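Single-letter residue listing:
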Amino acid sequence: MSIKIIKPGILATIQDLGRTKFRSLGIGPGGVMDFFAASVANYIAGNSEDVPVIEMHFPAAEILFEEDTIISICGADFDARIYDLPVEMYKPVIIQKNMALSFKANFSGARVYLAIHGGMQAEKWLNSYSTNLKVNAGGHNGMPLHKEDIIEIQPQTQEVNNKYFFIEPSSISSVYNNPHSIRCVEGPEWEMLSEDGKQHFSKNEFTITSQSDRMGYRLAGKNISLKNSLSLVSSPVSFGTVQLLPNEQLIVLMADHQTTGGYPRIANVITADLPKLAQLPINTKLKFELVSLQEAEDALITMQHSLAAIKTTCKKLYGIN
Amino acid sequence: MLLSFGNIIDITVNEKILALHQKINTTPFPGFIESVPAYTSLAVFYDTVLIRQSYSNTSSAFDFVKDFIINISKEKSTISGNIEKDIITIPVYYNGEDLEYVASVHQLTIEEVINLHTGTTYHVYMTGFFPGFAYMGTVNEKIVTPRKDKPRLNVAAGSVGIAGEQTGIYPFDSPGGWQIIGTTPLKIFDKAKHNPCLLKAGHKVQFTMIDKNDFEKLNEH
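A few points on the structure. Note that the structure is predicted; figures quoted are calculated from it, not measured. (Residues numbered from 1 in each chain as written. Chains lettered and ligands numbered in written order. Predicted model: local features only at pLDDT ≥ 70, side-chain atom pairs only at ≥ 80, totals over all residues. Heavy atoms only, no water.)

## Focus: the overall build of chain B
Phase 1 of the analysis: When helices and strands are counted, chain B shows 6 helices and 12 strands.
Phase 2 of the analysis: Considering only C-alpha atoms, chain B reaches an extent of 65 × 35 × 35 Å along its principal axes.
Phase 3 of the analysis: Relative to its full complement of 221 residues, chain B shows a buried share of 51%.
Phase 4 of the analysis: Summarising the internal contacts of chain B: among those between residues at least 6 apart in sequence, 62% fall at separations of at least 24.
Phase 5 of the analysis: Of the accessible surface of chain B, which amounts to about 10500 Å², a share of 51% is contributed by carbon and sulfur atoms. (Helix = DSSP H or I, 4+ residues; strand = E, 2+ residues; numbered from the N terminus. Buried < 20%, exposed > 50% of the residue type's maximum accessible area, 1.4 Å probe, protein only. Contact = heavy atoms within 4.5 Å. Areas by Shrake-Rupley, 256 points an atom, 1.4 Å probe, with all protein chains shown as cover.)

Written out as structure tokens, the structure is:
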């Protein structure tokens, strides 16, 4: 049983929650940009959170379903439709045999996730199904999805009655609250900033330029200066690391970041705000809000509680223990 | 979490980091994901939620991990004899586009540059930036050459270069600013292999000169 890509859209890849334990070899974890939306999409489709999903940008893919299939769509609102009929997000949906799913308008957000009940066939590379575009491994032959691609999926043996399916809306909306305010902690090189630099970082808005993608967001805004010019040896970075480039502008490393870098790491976006950051489109603005490490941890614990509650609700729906 | 030991390329500092990296990986704490060594720092990735859940009297996963690492760093641990101590020999056909430049800027002959490059056993400080890209050092001071002012748009996979005190091999075709002095027929990154990266932090590397014929015989690209 399979799905077929009628149109691939601008960048559709198979991703899961990323590839761990290989960073020290220079192989970055990759994976979904928005782990919250991807995890919830999986739960709603009756999967565990780490099952591979299709991550799409706008213009998004058009996908044909060969048989009746249970899916869910979470993340950005790209006006999902089956021909002209709107498809509800954040709900289990049955796409009927020979129907095509498409996305008609860019209403909000930047990445949408399609989860399919039972997952999809993909290449596993170093313990993960995430697509590594640098190496061309993992996912669908290590490549973005193309027209005519066929992806095998599981026979749909499950029935689901989504009539009474309910997730507390605030458990989703609270994650994306204040979308332009991105919490971060001070980075290892924070103290190398001049006083003006620190002020500019905390008080100003930055624009996500068009040179932004899965590897990183290049920001444009007020120049941020260091106390002294310096040259650093390469050291580890992560998803959310905010680096200061020699031109005094910022870059925020995203899912496909390289594992090490030589630019000052002045801040790190907190894990709980990575989903929000991942959903900010190009040409929107953001502001950084410095928080303590404790607040960062507590925010992540709260988010995890939401995810656990959603998982439980979904398991009941599918009659899974 | 990042442990930082300064901003230098120093083999003693790096070996301490590699020892700690190995120790944490051999006897990890619950919630440990992985660690990433660099020249003078070690990043430790951990699962905050799992740690907070597993240790209910901990209000901060960060503090828990910090205490754990401080304790194990006090234990005597050294890089034990294993793969990381092996000397890896890398054959190089010294025909790089920047070989003449490196020679002339140091007022040496090309032969002298080659002898100086092959005459040192290098230490792999870390792999990063690209899958399988090994940062090696330190290059003999007579051939230490800074990066090019204008990076090339394309450097071929297998290219062997110098940047300052470091030497390295490009695992992929990519833009690059290192001074290219030669090329190796070996594939230093192969996604199909169980161990896709030939070089790892802690390895010792020796370059040897080969001629064009041998290069063609050995070519894995």
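After that view of the structure, there is still more to cover.
## Side note on the sheet that holds strand 3 (residues 41-46) of chain B
Residue and element names in this part refer to chain B.
Phase 1 of the analysis: Read across the sheet, 3 strands follow the order 1-3-2 without closing on themselves; strand pairing throughout is antiparallel. Strands at the two margins of the open sheet, each flanked by one partner only, are strand 1 (2-4) and strand 2 (32-37). Strand after strand, the sheet turns through a mean of 15 degrees between neighbouring axes, direction not considered.
Phase 2 of the analysis: As paired strands, strand 1 and strand 3 are joined by 3 bridges and run antiparallel to one another. Across the sheet, residue Ser-4 finds its bridge partner in strand 3, namely Ser-41.
Phase 3 of the analysis: Helix 1 (residues 11-26) rests against strand 1, strand 2 and strand 3 of the sheet, and its axis sits at about 165 degrees to strand 2.
Phase 4 of the analysis: Packed on one face of the sheet, helix 3 (residues 61-74) meets strand 1 and strand 3 and runs near 130 degrees to strand 3. (Pairing = 2+ DSSP bridges. Axes fitted to C-alpha atoms, helices over the stretch in contact; angles between N-to-C directions.)

## Structural notes on the environment of Ser-225 of chain A
Residues and elements named next belong to chain A.
Phase 1 of the analysis: Along the chain, the position of Ser-225 falls in the loop between strand 14 (216-220) and strand 15 (235-236).
Phase 2 of the analysis: In this structure Ser-225 comes out as partly exposed when scored by relative accessible area, which is 23%.
Phase 3 of the analysis: Among residues more than four places away in sequence, those in contact with Ser-225 are Leu-193, Ser-194, Gly-197 and Glu-248.
Phase 4 of the analysis: A polar contact is formed between the side chain of Ser-225 and the side chain of Ser-194, at a distance of 2.7 Å. (Polar contact = N/O pair within 3.5 Å; in protein donor to acceptor, adjacent residues only side chain to side chain.)

## Some thoughts on the sheet that holds strand 4 (residues 87-92) of chain B
Residues and elements named next belong to chain B.
Phase 1 of the analysis: Read from one edge to the other, the open sheet built from 7 strands follows the order 4-12-5-6-9-8-11, with strand pairing classed as mixed. Looking along the sheet, the strands with just one partner apiece sit at the ends: strand 4 and strand 11 (179-183). Sheet twist, expressed as the mean angle between neighbouring strand axes with direction ignored, is 35 degrees.
Phase 2 of the analysis: Bridge analysis of strand 5 (residues 122-127) against strand 12 (residues 204-209) gives 2 bridges, and the strand direction is antiparallel. Bridge assignment links Tyr-122 to a residue of strand 12, and that residue is Val-205.
Phase 3 of the analysis: Contacting strand 5 and strand 12, helix 1 crosses the sheet at an angle of about 50 degrees to strand 5.
Phase 4 of the analysis: Across the sheet, helix 5 (residues 110-118) touches strand 5, strand 8 (159-163), strand 9 (166-169), strand 11 and strand 12, and the angle it forms with strand 12 is around 150 degrees.

## Some thoughts on the packing of aromatic side chains
Phase 1 of the analysis: As enumerated under the stated definition, the model contains 21 aromatic pairs over all chains in all.
Phase 2 of the analysis: Relative to Phe-189 of chain B, the ring of Trp-125 of chain A has its centre 6.3 Å away and its plane inclined at 80 degrees; by these criteria the two rings are edge-to-face. In this pair, Trp-125 of chain A sits in the loop between strand 10 (108-116) and strand 11 (150-152) while Phe-189 of chain B sits in the loop between strand 11 and strand 12, so the two residues belong to two different chains. The burial state of Trp-125 of chain A is the same as that of Phe-189 of chain B; both residues are buried.
Phase 3 of the analysis: Seen in terms of ring centroids, Phe-201 of chain A and Phe-288 of chain A are 4.6 Å apart; in terms of plane orientation they differ by 10 degrees. Their pairing is stacked. You can see Phe-201 of chain A sitting in helix 3 (residues 195-203) and its partner Phe-288 of chain A sitting in strand 20 (residues 285-290), a full 87 residues away along the chain. Across this residue pair, the class does not change: Phe-201 of chain A and Phe-288 of chain A are buried.
Phase 4 of the analysis: Joined through ring pairs, the aromatic side chains of Tyr-39, Tyr-125, Phe-133, Tyr-135, Tyr-170 and Trp-178 of chain B make up one cluster.
Phase 5 of the analysis: Geometry around Phe-45 of chain B places Arg-23 of chain A over its ring, the cationic atom sitting 3.8 Å from the centre.
Phase 6 of the analysis: One residue, Lys-134 of chain A, lies across the ring of Phe-172 of chain B, its end atom 5.3 Å from the ring centre. (Phe/Tyr/Trp six-rings, centres within 6.5 Å; stacked < 30°, edge-to-face > 60°. Lys NZ or Arg CZ within 6 Å of the ring centre and 35° of its normal.)

## Describing unusual backbone geometry
Phase 1 of the analysis: With omega at 0 degrees, the peptide bond leading from Phe-58 of chain A into Pro-59 of chain A counts as cis.
Phase 2 of the analysis: Relative to the elements of secondary structure, Pro-59 of chain A occurs in the loop between strand 3 (53-56) and strand 4 (62-65).
Phase 3 of the analysis: Residues Gly-137 of chain B and Thr-138 of chain B are joined by a peptide bond in cis, for which omega reads -10 degrees.
Phase 4 of the analysis: Mapped onto the elements of the fold, Thr-138 of chain B is located in the loop between strand 6 (134-137) and strand 7 (152-155).
Phase 5 of the analysis: Although it is not a glycine, Asn-283 of chain A adopts a positive phi angle of roughly 75 degrees.
Phase 6 of the analysis: Mapping Asn-283 of chain A onto the fold places it in the loop between helix 4 (274-278) and strand 20.
Phase 7 of the analysis: With relative accessibility at 59%, the residue Asn-283 of chain A sits in the exposed group.

## A short note on the side chain of Arg-214 of chain A
Phase 1 of the analysis: Take Arg-214 of chain A: it is sitting in the loop between strand 13 (205-208) and strand 14.
Phase 2 of the analysis: Not counting residues up to four positions away in its chain, the partners in contact with Arg-214 of chain A are Leu-11, Gln-15, Gly-30, Gly-31, Val-32, Met-33, Glu-55, His-57, Met-254, Ala-255, Asp-256 and His-257 of chain A.

## Focus on the packing of helix 1 of chain B against helix 3 of chain B
Residue and element names in this part refer to chain B.
Phase 1 of the analysis: Between helix 1 and helix 3, the shortest axis-to-axis distance is 10 Å and the interhelical angle comes to 115 degrees. The angle between helix 1 and helix 3 places the two elements in the roughly perpendicular class. The interaxial crossing formed by helix 1 with helix 3 has right-handed handedness. Together, Leu-20, Lys-23 and Ile-24 of helix 1 and Ile-69, Ile-72 and Ser-73 of helix 3 make up the contact between the two elements.
Phase 2 of the analysis: Split by residue class, the contact of helix 1 with helix 3 holds 4 nonpolar, 1 polar and 1 charged. (Parallel < 35°, antiparallel > 145°, perpendicular 65-115°, else oblique. Left-handed = near helix turned anticlockwise from the far one by under 90°. Nonpolar A, V, L, I, M, F, W, Y, C, P; charged D, E, K, R; others polar.)

## Quick look at helix 5 (residues 293-317) of chain A
Residue and element names in this part refer to chain A.
Phase 1 of the analysis: For helix 5, built from 25 residues, the straight-helix expectation of 36 Å at 1.5 Å per residue is met to within 8% by its first-to-last C-alpha distance of 37 Å.
Phase 2 of the analysis: Listed in full, the buried residues belonging to helix 5 are Ala-296, Glu-297, Ala-299, Leu-300, Ile-301, Met-303, Ser-306, Leu-307, Ile-310 and Cys-314.
Phase 3 of the analysis: Immediately beyond the C-terminal end of helix 5, within one or two residues, lies Gly-319, with a positive phi of roughly 65 degrees. (Expected span 1.5 Å × (residues − 1).)

## Looking at the interface of chain A and chain B
Phase 1 of the analysis: With 34 residues of chain A at the contact, the number on the chain B side is 39 residues.
Phase 2 of the analysis: Summing both partners gives a buried area of about 3000 Å² for chain A against chain B, and 62% of it is carried by carbon and sulfur.
Phase 3 of the analysis: Summed over the shared surface of chain A and chain B, the result is 3 salt bridges.
Phase 4 of the analysis: Between Glu-297 of chain A and Arg-52 of chain B there is a salt bridge, with the nearest N and O atoms lying 3.0 Å from each other.
Phase 5 of the analysis: Linking chain A with chain B are 15 residue pairs in polar contact (both at pLDDT 80 or more).
Phase 6 of the analysis: Listed by contribution, the elements that provide at least two residues to the side of chain A that touches chain B are strand 15 and helix 5 of chain A. (Buried area = accessible area lost by both parts, 1.4 Å probe. Salt bridge = Lys/Arg side-chain N within 4 Å of Asp/Glu carboxyl O.)

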